[in-house]
Amino acid sequence: MIRFVFLKLARALLTILLVMTFAFVVLRLSGDPAQIMLGPDAPQDAIDAFRARWGFDDPLWRQYLAYLGQILRGDFGVSMRDGSAAIDLVMERVPATLALTVPALVLKLAIGIPAGVYAALHRESIADRGVIMASIFGFTIPSFVLGLVLVLIFSITFDLLPSGGQDTWRHAILPILTMSIGGIGILARFSRSAMIEVLGQPYIRTAMAKGLPWRDVVWRHALPNAAVPIVTLVGFMLGSLIAGAVVVESIFSWPGVGRLIVVSVANRDLAVVQCLLLVIAATMVIANLLVDFTYGLLDPRLRSARPAH
Amino acid sequence: MTPLLQTRGLVQRYVTGKSLFGEADTVRAVDGIDLSVREGEILGIVGESGSGKSTLGRMLLGLEVPHQGEVLWQGRPMPSPRTAAWRELRAQMQLIFQDPLAALDRRMTIGAQIAEPLEIHDIDRANAADRVAELMDRVGLRPDQARSYPHELSGGQRQRVVIARALASRPRFLVCDEPVSALDVSIQAQVVNLLRDLQERDGLTMVFISHDLKVVRNICDRVAVMYLGRVVEEALSDRIFSDPRHPYTQALVSSIPKVGQGLEGRIILPGEPPNPACRPSGCAFHPRCRAAVTACAATEPALEHHDGRLAACLCLSEREAA
Amino acid sequence: MTIAIAKPRLLTRIRLRVPLLVAIAIGWLTLMVATAIFADLIRPYEVTRMDLMARLAPIGTPGHWLGTDELGRDVFSRLVQSIRVSLVIAFGATILSAVFGTTLGFLAAQFRGWVENFVMSLADFQAALPFMIMALSVLAFFGTSMVLLVCLMGFYGWERYARIARGLAISASAQGYAAAVVQLGATPRRLYLKHILPNVASTLIVSMTLTFPEIILMESGLSFLGLGVQPPQTSLGNMVGFGREYLTRAPHIMLAPALIIVLTTLSISLLGDWLRDRLDPTVR
């Protein structure tokens, strides 16, 4: 078990290091930040001063080491636009994003999993077919289309809800709906197939043959086993709590992390983009770790072995 | 005359359990084997499962690199696996597998599979189709079967396909690893006879690995009996079967059923079948040997000449010394 | 060499009876592909031709039967061109990602050791970083060009192919046929291209039907945000993005490309589900 945890942690750290390297390589090698920031007509001495100030004159490996060192000290650099610390810019946006993603995640779990399990337990019924059809639509409609259609219906045609902004709780309804509908479909579909697979296993037939009440078979034998694959998907959703709202925040002008990404990328604000990459990757990696450890709790066989991909 | 193939002090070991901090456990699957295979003969290798006979076969072909010792092909060392020289040598030596279905690609017609060695080694590609037809005829397959897929054939027919493919590049040396044990008994004799005919006609050299003494007796010129990675007795086939000397060989030979004879005279081996992970001290066979004396647990017998054969048993050496 | 090496018999394995829904999906996709190929013949106007006298014309206007946009450009013409652009990107990217991922997966299976560890770490890295975020940062800093967009999209989902290809190649090597071919003297190239690839192709094809719609969605998402396909070129997502401004007055500018996106991804998903059941029940 210790070895399992150790290996997982080592792999997680390696992944973070790779993300840091990626951020460095892409953002430093893609162009001259001085030119980008100061514009093509900037005088040469202004460019030189800018380069010296931000350390762009050092050889690349020195820049890389300096960059790693800074991050280890918790210094993610300052925004080239307004000079405030990148990490602060990112962090002050996180609550707004979580205000959308957390309720959306709760909705996905609360509706998706029960719907999927219900469909699996009543196969070929009308409800089952409904879940399948709804889930296929759920994940083939892109969120920007769904969001705009919802705006068209609820804001423009019937004027029930606001189409953008963040002033009241009513502003959050459409973005949360947009985000959760696709996820509900995916989760329902996935829970359904996981459950169906488990229900076909010999130990379920044994439990039924023993004469256990059907409810006990489902709750004590089938659900815990179907949980293993579902946890993977939920972990992925957990990992995208911060990054999963880029498109939706853009549609509804919601001032969260997603807006910040699009704006920083458009402005080529190196430090902020780097910081965002790292924060998002770290969230993903932590979520993956949680999934792996949950596996360990759910299925003792996986504790020693590396779960198959 | 140099033997076609020769091994010197061949040892192979495998790592079984590996823990992060602990020492790795190793098992010596093959433990010091000196053999030579003469041009044109069929050498049988006999032993229970776990005796290391398949590992030995793979090393003879150069498919595995021995941990110690070496394999000499026509007096020259075997090239390392997956090098160009090694690949070139494959045209001259081939393996026939235990499970023919697994050895064939289920998405390719058998005609194409038989032609593969010709393409790989670039042999007479212009006449490949004729060569395939000829090979299929020789192993007893119908010409129209060239277009079928492996799953459409019977087990015996699949093994004929594997044999035809192995013969395509006109190899000089063939290792047959339990070639008939996955087949029905009624088919076994046909395939064994086919191998025997092919060997006689082409003067092939063959190593025939089997746990089944009846089959070995039918086909082999010379037999080596293995126990826990070592050869315990080696002699001409007639001599081994008519007059086995090593107690293990005696037990094996006595277990061959004979027509008109009951089970009397049959030697039942006591104890566990051999496990290479815990090798007994001294003579590895002593815990199950009815002739064992106290010295057997302490001293490892060497493979020595006894009465026209090689055998490794302390009792035989003592009897001669007395 | 006269002995024909038969292709995996796809047609006999797919039963000839096709469910109605799948047939409709195939019909729609055929229409889309035909539109993409013959875009130049189909569209009545140049994509950039403006008719400032007829701006934001509604559906059914004579000469512009899908109406016009804010600059008076014909929506139908733009739609046809967008279908071509989006499909070309999605096809190109799907093939790139399948080839790239499968190659890496095979390399990992062939060499094991550090090569395998390296490939798998890269795959973990790719899975840890949401693709949208990675794409955004790359596009913004390298600028947006069509070639770059296809190449970038070509990384979408490669880690899935790599993992699948590696797993299948390792299990193929453990099965007899790969070992048998190796001992015939085949080079690794021959082993992987002639034996392992045909044996794993059905699983890879199924994975391609999974990534294809996702790539369409990813590209249209990026274009919607204004960071994908750039004007004057047009794509489905890009049309939705610009149509959004006129949601109140001319919703058809947004709805027409949105409908095409939904129908196309829906069709591929239906087709993929059906193919998966037929070809490879092991992939979920």
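Summarised in this report is the structure supplied together with it.

On to the overall build of chain C. Looking only at helices and strands, one finds 12 helices and 0 strands in chain C. Mapped in sequence order, the helices and strands of chain C form the string α-α-α-α-α-α-α-α-α-α-α-α. Across its three principal directions, the C-alpha atoms of chain C cover 75 × 45 × 35 Å. Looking at the 284 residues of chain C, the share that counts as buried comes to 58%.

Let us now look at the pattern of salt bridges. Residues and elements named next belong to chain B. Summed over the entire model, instances satisfying the criterion amount to 31 salt bridges over all chains. When the shortest N-O distance is used, the salt bridge between arginine 142 and aspartate 144 registers 3.1 Å. Since its relative accessible area comes to 47%, aspartate 144 is described here as partly exposed. Of the charged contacts in the structure, one is a salt bridge between arginine 222 and glutamate 234, with a shortest N-O distance of 2.5 Å. On the criterion of sequence distance, the pair formed by arginine 222 in strand β9 (residues 222-227) and glutamate 234 in strand β10 (residues 230-236) is long-range, its members being 12 residues apart.

This part takes up the packing of helix α8 (residues 158-174) of chain C against helix α9 (residues 176-183) of chain C. If you want to describe how two helices pack, look at the angle between their axes and the distance between the axes. All names here are of chain C. With their axes 4 Å apart at the nearest point, α8 and α9 run at an angle of 70 degrees to one another. The angle between α8 and α9 places the two elements in the roughly perpendicular class. Contacts between α8 and α9 involve Ala172, Ser173 and Ala174 from the first element and Gly176, Tyr177, Ala178 and Ala179 from the second. Tallied by class, the residues present in the contact of α8 with α9 amount to 5 nonpolar, 2 polar and no charged.

With that settled, the discussion passes to a nonpolar patch on the surface. Residue and element names in this part refer to chain C. A cluster of nonpolar side chains, Val33, Ile37, Phe38, Leu41, Ile42, Phe91, Ile95 and Val99, forms an exposed patch at the surface whose accessible area comes to about 750 Å². Looking at the nonpolar patch, the elements with two or more residues in it are α2 (20-37), α3 (39-42) and α4 (75-111). With 3 residues, α4 is the largest single contributor of residues to the nonpolar patch. Relative accessible area serves as the criterion here: at 41%, phenylalanine 91 is assigned to the partly exposed category.

Attention now moves to the pairing of strand β6 (residues 93-96) of chain B. Residues and elements named next belong to chain B. The two faces of β6 match: Met93 and Leu95 on one face and Gln94 and Ile96 on the other face are all buried. Pairing analysis gives 4 bridges linking β6 to strand β7 (residues 173-177), with the strands arranged parallel. When the sheet's bridge partners are listed, methionine 93 is paired in β7 with phenylalanine 173.

With that settled, consider the packing of helix α9 (residues 202-209) of chain A against helix α10 (residues 214-239) of chain A. All names here are of chain A. Taken N-terminus to C-terminus, the directions of α9 and α10 make an angle of 160 degrees; their axes are 10 Å apart at the nearest point. Taken together, the axes of α9 and α10 lie roughly antiparallel to each other. Relative to α10, the crossing made by α9 is right-handed. Side by side, α9 and α10 meet where Tyr203, Ile204, Ala207 and Met208 of the first sit next to Trp214, Val217, His221, Ala222 and Asn225 of the second.

What follows covers the nonpolar core. Ile261 of chain A together with Leu136 and Leu225 of chain C are the most contacted members of the largest nonpolar core, which totals 111 residues. Beyond its immediate chain neighbours, meaning those up to four positions away, leucine 136 of chain C contacts Val246, Ile261 and Val265 of chain A together with Leu222, Leu225 and Leu227 of chain C.

Another aspect to go through is the packing of aromatic side chains. Enumeration according to the criterion identifies 11 aromatic pairs over all chains in this entry. Between the aromatic rings of tyrosine 227 of chain B and phenylalanine 285 of chain B, the centroid separation amounts to 5.0 Å while the plane-to-plane angle is 80 degrees, which identifies the pairing as edge-to-face. Here tyrosine 227 of chain B is found in strand β9, whereas its partner phenylalanine 285 of chain B is found in the loop between α10 (247-254) and β11 (304-305), with 58 residues between them in sequence. Ring geometry for phenylalanine 106 of chain C versus tyrosine 192 of chain C: centroids 4.9 Å apart, planes at 45 degrees, classification tilted. With phenylalanine 106 of chain C in helix α4 and tyrosine 192 of chain C in helix α10 (residues 188-224), the pair connects residues that are 86 residues apart, well separated along the chain. Each member of the pair, phenylalanine 106 of chain C together with tyrosine 192 of chain C, is buried. Positioned above the aromatic ring of tryptophan 86 of chain B, the side-chain terminus of arginine 90 of chain B is 4.2 Å from the ring centre.

Another aspect to go through is the sheet that holds strand β1 (residues 5-15) of chain B. Residue and element names in this part refer to chain B. Strand order in the open sheet formed by 4 strands is β2-β1-β4-β5, and the pairing between neighbours is antiparallel. Each edge of the open sheet is held by one strand with a lone partner, namely β2 (26-37) and β5 (76-77). Across 5 bridges, the pairing between β1 and strand β4 (residues 68-73) is antiparallel. Bridge pairing links leucine 5 to tryptophan 73 in β4.

Attention shifts here to the sheet that holds strand β12 (residues 310-311) of chain B. Residue and element names in this part refer to chain B. Taken in spatial order, the 8 strands line up as β6-β7-β8-β3-β9-β10-β12-β11 in an open sheet, and their pairing is mixed. Edge positions in the open sheet fall to β6 and β11, since each of these has one partner strand only. As defined by bridge partners, β10 adjoins β12 across 2 bridges and the pair is classed as antiparallel. If you follow glutamate 233 over to β12, its bridge partner there is alanine 311. Across the sheet, α10 lies against β3 (42-46), β9 and β10, angled at about 110 degrees from β9, the strand it touches most.

Basis of the calculations
- Residues numbered from 1 in each chain as written.
- Chains lettered and ligands numbered in written order.
- Predicted model: local features only at pLDDT ≥ 70, side-chain atom pairs only at ≥ 80, totals over all residues.
- Heavy atoms only, no water.
- Helix = DSSP H or I, 4+ residues; strand = E, 2+ residues; numbered from the N terminus.
- Buried < 20%, exposed > 50% of the residue type's maximum accessible area, 1.4 Å probe, protein only.
- Salt bridge = Lys/Arg side-chain N within 4 Å of Asp/Glu carboxyl O.
- Axes fitted to C-alpha atoms, helices over the stretch in contact; angles between N-to-C directions.
- Parallel < 35°, antiparallel > 145°, perpendicular 65-115°, else oblique.
- Contact = heavy atoms within 4.5 Å.
- Nonpolar A, V, L, I, M, F, W, Y, C, P; charged D, E, K, R; others polar.
- Patch = residues over 30% accessible without salt bridge, like charges linked within 9 Å, V, L, I, M, F, W, Y side chains within 5 Å.
- Areas by Shrake-Rupley, 256 points an atom, 1.4 Å probe, with all protein chains shown as cover.
- Pairing = 2+ DSSP bridges.
- Left-handed = near helix turned anticlockwise from the far one by under 90°.
- Core = buried A, V, L, I, M, F, W, Y, C linked by side-chain atoms within 4.5 Å.
- Phe/Tyr/Trp six-rings, centres within 6.5 Å; stacked < 30°, edge-to-face > 60°.
- Lys NZ or Arg CZ within 6 Å of the ring centre and 35° of its normal.

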